[in-house]
Structure formats: C-alpha cells, structure tokens
Amino acid sequence: MKASLAALSAIAILVSSTSARTVFSAFKVNGIDQGHGVAVRVPTSNAPVTDISSNSIICNTGFETPVSQTVVKVPAGAQFTAEFHHTSAGYVGPDPSDPLDPTDKGPILAYMAAIPSATQTDVTGLEWFKVWQDGLTASPRQWGSDRLFINGGNATFTIPSCIPAGQYLVRAEAISLASAEQYPGAQFFMSCAQIEVTGGGNVKPATVSFPGAYTVDASLVTDVYEDESYTPPGPAVFTC
Ligand SMILES: *[C@@H]1O[C@H](CO)[C@@H](O)[C@H](O)[C@H]1NC(C)=O
C-alpha cells in the first residue's frame, strides 16, 4: 500500500513537472473584470520561478510588452479577484490544465506593498504584507490549488479596509509543491497588479522583503501527498 502510494506520487511528480504552470494575468474589483493584462505585469512565460533569493521572486520576470501603464483604483475593503490561467494568454478555451494542472498541489497567496508609483519598473526594496493565503484544509482534504482549480482560476480576497490610501502592487502567487521533496523544487508562479487604494485608514502593517520572506523550511520542502497539516511560507496574514 505504502509502495503503491509512493509510486503514484512519483507518477504525479513526473506528470506535473512538465505541466506545472499557471499565470496571474487579470483581475476583478468587486466582481468587475478589468480586462486581460490591464494593470498587471504579465510574464511572457508560464515557467516557474524556483530561486527564492532571486529578484524574480518579487514580481516575476520577462514581461509581455508593452507592460500595462494602467493603475486601477480600488476602494479599501473591496473584493479583489486574481485570475490565474494555464498560460500568459489568459482563458482561451477548455484545457484540462487550466488554470493549473490539478496534480499541482500547493498554497495560493496574496501580498501587497506600497510603492511610490505603481507603474515604476523597479520593484526592489518594497515592504510587503500578506493579505490572504489558502493552504491545506483537512476536511475535505484540499489544497488552495484545488480550490483555485474548482473556482476556474479565480482567487478572491479582501483589500484591507484600514491601510493608507495610495499606490500599491498586489502580488498574487500560486506555489506548486508537487516536486518539493527537496529545495529547489517548489515552483512559484506570481505576477504583480498595479492599483491605487482609495479611502482606507492609517494602519501600517508589519512587512517583509522579497527576496527574504521565504526560507528553506517545511513550508517549501514537503510531500503534498503525505502532509496532514501545512503552514504556507511567509508572514502571518495581516488583518485590520
Ligand atoms: C472566474 O472568473 C471568470 C471571469 O470573470 C468567469 O467567467 C468565470 O465564470 C469564473 N469561474 C468560476 C468557476 O467562478
């Protein structure tokens, strides 16, 4: 029984290592779609970032050009839906690996960082706070990636109501742990959206840096088929 489970995991790893790919390329604000690639820095490739110490872990790399110069106004407290699909093209029709390959288990996370101008090229040195994460639930036994698959690639979370108004990046990320028995192995798929928070308050969340927020520990080196509990990487989720 144990051996056959291990064999199944090995097969799943082989399958997912070729198809483990997803791209966050569009978003909705309170359910209203802003359009494909609008105010999102969409990576050209759906290949993963695998080095947690690289600057590519911030907002990905190799963007479709021209990069959107749009900054979307988002009221503090709004519902933000990051839309993930199998490739940079967004939804292009039925695809068993859209929004991601279902064998590609792992958490889905979202961060924000204040930025002087949301369209500026340089994204180093920003101070990030986590606004949402979806890890592993026990009953039903589902990963955030399973819920992302069920939800057709829509990952919905709340923009905190108490943060100061101003320009921010929203970094939404899917992590595949299907090949994470060792590091490197975890695969990171993220893009950054350009928003201006309106309204809001004056609470400044505690922050972390990218790179730096992720370390090689049980959040990134694990066996998705054996895990009974799981804590996603990065800091605790900020709440107002
Ligand atoms: C996900 O969002 C898209 C775009 O708004 C929508 O067409 C689709 O119905 C949503 N999928 C699910 C399963 O909710």
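Residues numbered from 1 in each chain as written. Predicted model: local features only at pLDDT ≥ 70, side-chain atom pairs only at ≥ 80, totals over all residues. Heavy atoms only, no water.

**Some remarks on the overall build of the chain**
And step 1. Tallying secondary structure elements over the chain gives 3 helices and 12 strands in all.
And step 2. Expected size for 240 residues packed as a compact globule is a radius of gyration near 18 Å; at 17 Å, the chain falls within 12% of this value.
And step 3. Along the three orthogonal principal directions, the C-alpha set of the chain runs to about 55 × 35 × 35 Å.
And step 4. Counting every position in the chain, which comprises 240 residues, the buried fraction comes to 51%.
And step 5. Look at the contacts in the chain between residues 6 or more apart in sequence, and 79% of them connect residues 24 or more apart.
And step 6. Of the roughly 10200 Å² of accessible surface on the chain, a fraction of 57% belongs to carbon and sulfur atoms.
And step 7. The averaged location of the 20 negative side-chain charges in the chain is 5 Å from the averaged location of its 11 positive side-chain charges. (Helix = DSSP H or I, 4+ residues; strand = E, 2+ residues; numbered from the N terminus. Rg over C-alpha atoms; globule rule 2.2 N^0.38 Å. Buried < 20%, exposed > 50% of the residue type's maximum accessible area, 1.4 Å probe, protein only. Contact = heavy atoms within 4.5 Å. Areas by Shrake-Rupley, 256 points an atom, 1.4 Å probe, with all protein chains shown as cover. Lys, Arg positive; Asp, Glu negative; His and termini not counted. Charge placed at Lys NZ, Arg CZ, Asp CG, Glu CD.)

**Some remarks on the site of the ligand**
And step 1. The environment of the ligand is formed by Lys28, Asp33, Glu83, Ile150, Asn151, Gly152 and Asn154.
And step 2. In the environment of the ligand, an oxygen atom lies 2.5 Å from a nitrogen or oxygen atom belonging to the side chain of Lys28.
And step 3. Asn154 has a polar side-chain atom sitting 2.6 Å from an oxygen atom of the ligand.
And step 4. Surface burial for the ligand is 42%, taken as the share of its 360 Å² of free accessible area covered by protein chains.
And step 5. Grouping the constituent residues of the shell around the ligand by class yields 1 nonpolar, 3 polar and 3 charged. (Near = heavy atom within 4 Å. Polar contact = N/O pair within 3.5 Å; in protein donor to acceptor, adjacent residues only side chain to side chain. Nonpolar A, V, L, I, M, F, W, Y, C, P; charged D, E, K, R; others polar.)

**Describing the environment of Ser191**
And step 1. Mapped onto the elements of the fold, Ser191 is located in strand S12 (residues 187-198).
And step 2. Not counting the four nearest positions on each side in its chain, Ser191 is found in contact with Val23, Phe24, Val40, Arg41, Pro43, Cys59, Val170, Arg171 and Ala172.
And step 3. At 2.6 Å, the side chain of Ser191 forms a polar contact with the backbone oxygen of Phe24.

**Comments concerning the pairing of strand S11 (residues 166-176)**
And step 1. Most of S11 sits inside the fold, with 10 of its 11 residues counted as buried.
And step 2. Sheet topology places strand S6 (residues 108-114) next to S11; 7 bridges connect them, and they run antiparallel. Paired with Ala114 across the bridge in S11 is Tyr168. (Pairing = 2+ DSSP bridges.)

**Some remarks on the nonpolar core**
And step 1. Phe27, Phe80, Met112, Ile159 and Ile195 are the most contacted members of the largest nonpolar core, which totals 36 residues.
And step 2. Of all elements in the fold, only strand S1 (23-29), strand S4 (72-75), strand S5 (79-85), S6, strand S7 (128-134), strand S10 (154-158), S11 and S12 reach the threshold of two or more residues within this core.
And step 3. One finds Leu109, Ala113, Met190 and Tyr230 within the second-largest nonpolar core, a separate group that totals 29 residues. (Core = buried A, V, L, I, M, F, W, Y, C linked by side-chain atoms within 4.5 Å.)

**Re the pattern of salt bridges**
And step 1. In the structure shown here, the tally under the stated rule is 4 salt bridges.
And step 2. A salt bridge links Asp134 to Arg147; its shortest N-O distance comes to 2.9 Å. One end of the pair, Asp134, is in strand S7; the other, Arg147, is in helix H3 (residues 144-150), and 13 residues separate them in sequence. The same class applies to Asp134 as to Arg147, namely buried.
And step 3. With a shortest N-O distance of 2.8 Å, Arg171 and Glu173 are connected by a salt bridge.
And step 4. Exposure remark for Arg171: the relative accessible area of 0% places this residue in the buried category. (Salt bridge = Lys/Arg side-chain N within 4 Å of Asp/Glu carboxyl O.)

**A few points about the confidence of the model for the chain**
And step 1. A residue-level look at the chain finds 92% of positions with pLDDT of 70 or above and a mean pLDDT of 93.
And step 2. Scored below 50 in pLDDT, residues 1-18 makes 14 contacts in the model with residues more than four places away or belonging to other chains. (pLDDT = per-residue confidence, 0-100.)

**Notes on unusual backbone geometry**
And step 1. In this structure, Pro66 follows Thr65 across a cis peptide bond, with omega equal to -5 degrees.
And step 2. Its location among the elements puts Pro66 in the loop between helix H2 (56-59) and S4.
And step 3. The omega torsion of the bond from Ser139 to Pro140 falls at 0 degrees, within 30 degrees of zero and hence cis.
And step 4. Counting through the fold element by element, Pro140 comes out in the loop between strand S8 (136-137) and strand S9 (142-143).
And step 5. For Asn30, which is not a glycine, the phi torsion comes out positive at approximately 50 degrees.
And step 6. Within the secondary structure layout, Asn30 lies in the loop between S1 and strand S2 (32-33).
And step 7. Of note in this structure, Ala39 is not a glycine but carries a positive phi near 60 degrees.
And step 8. Accessibility expressed as a relative area gives 0% for Ala39, which makes it buried.

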